[in-house]
Amino acid sequence: MSTIDYSEKIPNNVDLANDKTLQRALEHWQPRFLDWWREMGPNDFASVDVYLRTAVGVDAQGWAHYGTVKMPDYRWGIFLADPIADRTIGFGDSFGQPVWQQVPGEFRSQFRRLIVTQGDTEPASVEQQHRLGHTCPSLYDLRNLFQINVEEGRHLWAMVYILHAYFGRDGREEAGELLARHSGDVDKPRILGTFNEPIEDWLSFFCFCYFTDRDGKFQLKSLAESSFDPLARTCRFMLTEEAHHMFVGETGLGRIVRRTLEVMKEAGSDDPEAVRRQGAVDLPLLQRYLNFWFSSSLDLFGSEVSSNAATTFANGIKGRPDEMTQYQDHVCADSTFEIEIPDGKGGVMKDTSPMRNAMNEVLRDAYIRDCEIGLKRWNMQIKRGGHKFELKLPSNRFRRAIGAWANIPTDLEGRPIDREELDRLLPGWLPSASDKAFVRSLMQRVVEPGKMAAWIAPPDRGINNLAVDYEYVRLN
Ligand code: BYC
């Protein structure tokens, strides 16, 4: 097991001290990262003490070490999961051959493109969440937001290390660009659509953690299968941290549902107006937020049929999550996958794609199944409360901006409809201006230890076995 060297300016377990050129290059990038954090991160909270988790090792004992830290003093560094001895390529044309410790020249640009796209999302999410701290529903939630922010910062470090260490001058330039693009910037936006959407309230934040961080899980798992071993190892370690982000999303939304059910019971009514009068989130409103963030996150998987996806699979660059345990055929040279595409006449038709070209869709399908788990749980709560309402994921054809269904008007079930009909119905399917104004009105900051905003139930337990009313952030 490799230990993390915290005596270094950049904590790492990659023996950075023995590669002076790389060390110098990363030490040159480090102050630019800190400048970016000050400008774009939760900097209004730079001086507060936060109960944070920091990795001191990459094994089960070391990755979750808790202590009180001021965020700018968080030790962002480079942590790769330990190598797996004699690891071989798990998919594609080179199946069974030894994995690579360097990037093969012919695959350089494909790797770089994926690593840059992955890296771009990490600082983007910190930028999106820049001001949320001011409206936290509790100190417990504030701490979770900051934990996610510092870890997304570290995930940026993970990709920047790979760019610097393995992609020479191109990689250094791309690392610079990762700090130059900004979420929602008109001239230099982030690469993927969802990461330019504003997150101005905590309901959006919890939806983002539930749906968008889950895309992160699937993409990181696919890259953790890569034949380029340093990339696989860095993604494997990132996944341990990513799990907490999805936990925040799932429990956050679950706590909102629980609170709403309490309010419905107290009011003796499930009328949305009655729920709103009590300062809680009515279920149809929650459904509209789910519709928005789920459909946006579906686009993150790319087109249903993609020659990029076929090439990266064939070349052993990007695999499928849990390739070894979930699939029998790891080469997929002759298999096919059935997809549904628009028939050009206002309907839907089935088409058959070579499996390799359909890898984005294979991932998206698995992602949708994973998204359904939380909804089942929340629907059980709603049913147990004696209500008929059921939360649903819209069809994967609804409101798509990427792929075969991009800009094809459909209803929530994915049935193609006229554009006029869509324009008429869409305000009932997505958060309206008045929904957003109402949600904004709920966002009043609550910072007394153990207290929760009126629209969210307390969590079942605190962090690291501490009480829910522990002072997770000392605002001084
Ligand atoms: N918005 O052949 P296509 C995370 C672009 S989240 C805008 O359809 P391909 C996190 C695509 O880039 C995980 N553009 O797709 C979560 C390409 O452009 P170029 C992030 C889009 O290439 C929360 C063109 O359309 N990681 O970690 O097969 C907080 C044609 O592409 C979009 C990754 O995404 C979109 N939604 O696959 C923090 C993994 N979708 O290159 C972090 C790395 C596609 O022709 N990325 N395009 O200019 C990939 O694996 C692939 O790039 C994609 C697309 C899955 C995104």
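Residues numbered from 1 in each chain as written. Predicted model: local features only at pLDDT ≥ 70, side-chain atom pairs only at ≥ 80, totals over all residues. Heavy atoms only, no water.

Draft legend 1. Spatial organisation of the overall build of the protein. Summing up its helical and strand segments, the protein has 13 helices and five strands in all. For 476 residues, the compact-globule estimate of 2.2 N^0.38 gives 23 Å, and the C-alpha radius of gyration of the protein, at 23 Å, lies within 12% of that figure. The principal-axis extent of the C-alpha atoms belonging to the protein is close to 65 × 65 × 40 Å. Residue burial in the protein is summarised as follows: out of 476 residues, 57% are buried. Once local pairs closer than 6 in sequence are excluded, the contacts in the protein between residues at least 24 apart make up 72%. For the protein, the exposed area adds up to about 20,100 Å²; of that, 48% sits on carbon and sulfur atoms. Across the protein, the mean location of the 57 positive side-chain charges is 2 Å away from that of the 69 negative side-chain charges. (Helix = DSSP H or I, 4+ residues; strand = E, 2+ residues; numbered from the N terminus. Rg over C-alpha atoms; globule rule 2.2 N^0.38 Å. Buried < 20%, exposed > 50% of the residue type's maximum accessible area, 1.4 Å probe, protein only. Contact = heavy atoms within 4.5 Å. Areas by Shrake-Rupley, 256 points an atom, 1.4 Å probe, with all protein chains shown as cover. Lys, Arg positive; Asp, Glu negative; His and termini not counted. Charge placed at Lys NZ, Arg CZ, Asp CG, Glu CD.)

Draft legend 2. Geometry of the site of the ligand. Of all residues adjacent to the ligand, which total 29 residues, the nearest are Arg 113, Gln 118, Ser 303, Ser 306 and Lys 318. Residue Gln 118 places a side-chain N or O atom 2.6 Å away from a nitrogen atom belonging to the ligand. In this structure, an oxygen atom belonging to the ligand sits 2.9 Å away from a side-chain N or O atom of Asn 308. Calculation on the ligand without its partners gives an accessible area of 1,000 Å², and the protein chains cover 81% of this total. Elements supplying a minimum of two residues to the shell around the ligand: helix H2 (108-128), helix H5 (202-223) and helix H9 (307-314). Class assignment of the residues belonging to the shell around the ligand gives a composition of nine nonpolar, 13 polar and seven charged. (Near = heavy atom within 4 Å. Polar contact = N/O pair within 3.5 Å; in protein donor to acceptor, adjacent residues only side chain to side chain. Nonpolar A, V, L, I, M, F, W, Y, C, P; charged D, E, K, R; others polar.)

Draft legend 3. Focus on the sheet that holds strand S1 (residues 49-54). Overall, antiparallel pairing links the three strands, which are arranged S2-S1-S5 in an open sheet. The open sheet is flanked by strand S2 (65-70) and strand S5 (473-474), the only strands paired with a single partner. Where S1 lies against S2, six bridges are found, and the strand directions are antiparallel. Each residue of the ladder has a partner; that of Tyr 51, found in S2, is Thr 68. (Pairing = 2+ DSSP bridges.)

Draft legend 4. A look at the pairing of strand S3 (residues 336-342). As paired strands, S3 and strand S4 (residues 348-354) are joined by seven bridges and run antiparallel to one another. Looking at S4, one finds that Pro 342 is bridged to Val 348. Connecting S3 to the antiparallel partner S4 that follows it, the hairpin turn spans five residues, and Gly 344 within it adopts a positive phi of roughly 80 degrees.

Draft legend 5. Spatial organisation of the packing of H5 against helix H6 (residues 229-267). Interaxial distance between H5 and H6 falls to 8 Å at its minimum, and their mutual angle equals 155 degrees. Comparing their axes, H6 and H5 come out roughly antiparallel. Like other packed secondary-structure pairs, H5 and H6 cross with a definite hand, here left-handed. (Axes fitted to C-alpha atoms, helices over the stretch in contact; angles between N-to-C directions. Parallel < 35°, antiparallel > 145°, perpendicular 65-115°, else oblique. Left-handed = near helix turned anticlockwise from the far one by under 90°.)

Draft legend 6. Highlighting the packing of H5 against helix H11 (residues 359-384). H11 packs onto H5 with a crossing angle of 140 degrees between their chain directions and a minimal axis gap of 10 Å. Classed by the angle they form, the pair H5 and H11 counts as oblique. Crossing of H5 over H11 shows right-handed handedness. Contacts between H5 and H11 involve Tyr 210, Phe 211, Thr 212, Arg 214, Asp 215, Lys 217, Phe 218, Gln 219 and Ser 222 on the former and, on the latter, Leu 363, Ala 366, Tyr 367, Asp 370, Cys 371, Ile 373, Gly 374, Leu 375 and Trp 378. Residue composition of the contact of H5 with H11, grouped by class: ten nonpolar, four polar and four charged.

Draft legend 7. Representation of the pattern of salt bridges. Evaluated as defined, the whole model comprises 33 salt bridges. Residues Glu 241 and Arg 154 are paired through a salt bridge, measuring 3.2 Å at the closest nitrogen-oxygen approach. Here Arg 154 lies in helix H3 (residues 139-166) and Glu 241 lies in helix H6, a separation of 87 residues in the sequence. As far as burial versus exposure is concerned, Glu 241 and Arg 154 are alike and both buried. A salt bridge links Glu 361 to Arg 364; the shortest N-O distance between them is 2.6 Å. Separated by three residues within a single helix, Glu 361 and Arg 364 lie in helix H11, roughly one turn from each other. Each of the two residues, Glu 361 as well as Arg 364, counts as buried. Each of Asp 120, Glu 127, Arg 181 and Arg 190 takes part in salt bridges that share partners, so that together they form one network. (Salt bridge = Lys/Arg side-chain N within 4 Å of Asp/Glu carboxyl O.)

Draft legend 8. Structural detail: the environment of Ala 25. By secondary structure assignment, the location of Ala 25 is in helix H1 (residues 20-40). Take Ala 25: its relative accessible area is 18%, and that puts it in the buried class.

Draft legend 9. Layout of H1. A rise of 1.5 Å per residue sets the reference length of H1, with its 21 residues, at 30 Å; its end C-alpha atoms lie 30 Å apart and thus fit the reference within 8%. For H1, the complete set of buried residues consists of Leu 22, Gln 23, Ala 25, Leu 26, Trp 29, Gln 30, Phe 33, Trp 36, Trp 37 and Met 40. Turning to H1, the residues buried within the fold contact H2, H3 and helix H4 (168-180). (Expected span 1.5 Å × (residues − 1).)

Draft legend 10. Quick peek at the packing of aromatic side chains. As enumerated under the stated definition, the model contains 35 aromatic pairs in all. Seen from their ring centres, Tyr 210 and Trp 378 are 5.1 Å apart, and the 55 degrees between their planes marks the pair as tilted. With Tyr 210 in helix H5 and Trp 378 in helix H11, this pair connects stretches of sequence that are 168 residues apart. Considered together, Tyr 210 and Trp 378 belong to a single accessibility category, that of buried residues. Taken together, Trp 29, Phe 33, Trp 36, Trp 37, Tyr 74, Trp 76 and Trp 157 form an aromatic cluster joined through their ring pairs. Cation over ring: Arg 214 sits above Tyr 210, and NZ or CZ is 4.3 Å from the ring centre. Positioned above the aromatic ring of Trp 405 is the side chain of Arg 397, whose terminal nitrogen or guanidinium carbon lies 5.1 Å from the ring centre. (Phe/Tyr/Trp six-rings, centres within 6.5 Å; stacked < 30°, edge-to-face > 60°. Lys NZ or Arg CZ within 6 Å of the ring centre and 35° of its normal.)

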